[in-house]
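# Examination of the molecular architecture
Listed below, chain by chain, are the residues.
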Amino acid sequence: MGQKQVAFEKTKHQQEGLTFSDISPKWAKRLGEHQELPVPMSITWLRWWLEIINPPNCVVGEAHNFSRSYTDDCRECGKIGDKFTVYFTLNLCSKIEENKQRFVNHWNKEHAQFHSR
Ligand SMILES: [Zn+2]
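First, a word on what this report is: a plain description of the structure on this page. (Residues numbered from 1 in each chain as written. Predicted model: local features only at pLDDT ≥ 70, side-chain atom pairs only at ≥ 80, totals over all residues. Heavy atoms only, no water.)

Here the focus is the overall build of the protein chain. Helix and strand content of the protein chain: eight helices and zero strands. Listed by position from the N terminus, the elements making up the protein chain come as α-α-α-α-α-α-α-α. The buried share among the 117 residues of the protein chain stands at 38%. Counting contacts in the protein chain only where the partners sit at least 6 residues apart, residues at least 24 apart contribute 59% of the total. (Helix = DSSP H or I, 4+ residues; strand = E, 2+ residues; numbered from the N terminus. Buried < 20%, exposed > 50% of the residue type's maximum accessible area, 1.4 Å probe, protein only. Contact = heavy atoms within 4.5 Å.)

In the first shell of the zinc ion, the protein supplies Cys-74 (SG), Cys-77 (SG), His-106 (NE2) and His-111 (NE2), at 2.0 to 2.2 Å from the metal. Geometry at the zinc ion is tetrahedral, judged from its four donor atoms and the angles of 104 to 119° they form at the metal. Each donor residue of the zinc ion lies on the same chain, and together they follow the pattern C-x2-C-x28-H-x4-H. Here the two residues Cys-74 and Cys-77 agree in accessibility, since each one is buried. (Donors = N, O, S within 2.8 Å, 3.2 Å for Na, K, Ca; no water. Tetrahedral: all angles 85-135°; square planar, octahedral: opposite > 155°, others 65-115°.)

This brings us to a nonpolar patch on the surface. A grouping of Val-86, Leu-90 and Leu-92 is seen on the molecular surface, where their side chains present a nonpolar patch of about 250 Å² in accessible area. Mapped onto the fold, Leu-92 is located in the loop between helix 7 (75-89) and helix 8 (93-111). Overall, Leu-92 belongs to the partly exposed group, its relative accessible area being 33%. (Patch = residues over 30% accessible without salt bridge, like charges linked within 9 Å, V, L, I, M, F, W, Y side chains within 5 Å. Areas by Shrake-Rupley, 256 points an atom, 1.4 Å probe, with all protein chains shown as cover. Salt bridge = Lys/Arg side-chain N within 4 Å of Asp/Glu carboxyl O.)

Right, let's talk about the environment of Lys-26 for a bit. The residue Lys-26 is located in helix 3 (residues 25-31) in this model. The class for Lys-26 is partly exposed, based on a relative accessible area of 29%. Note: C-alpha distance between Lys-26 and Val-59 (33 residues apart in sequence) is 8.3 Å. In contact with Lys-26, not counting residues within four places along its chain, are Glu-51, Asn-57, Glu-62 and Phe-66.

Bear in mind that shape data such as this cannot, by itself, settle questions of function.
Right, here's the structure in full:
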């Protein structure tokens, strides 16, 4: 693939925007579409819950390379992270879906240009 082609592919990708699996692949597998959440209080649920309440390991933390810097740097990411925690804890699948969308939109608008993966 020539350099021009690479540049073209990159531009195309940016225009279309990143998807949830591009931004947080590990969590996207867990919270992907048609994915049932684990039964509350089950072992898997508890394991995910312990990660989701921990800023560097939560859905938003993964997107920030498992760092908690966003809790100081980006209010919107902080808010979205809190919402994931609440919705997961209460097992609100449709709210998680909404929040994923909000996160993907926000990421593409504010953070996508700094994202290299
Ligand atoms: Zn942000």
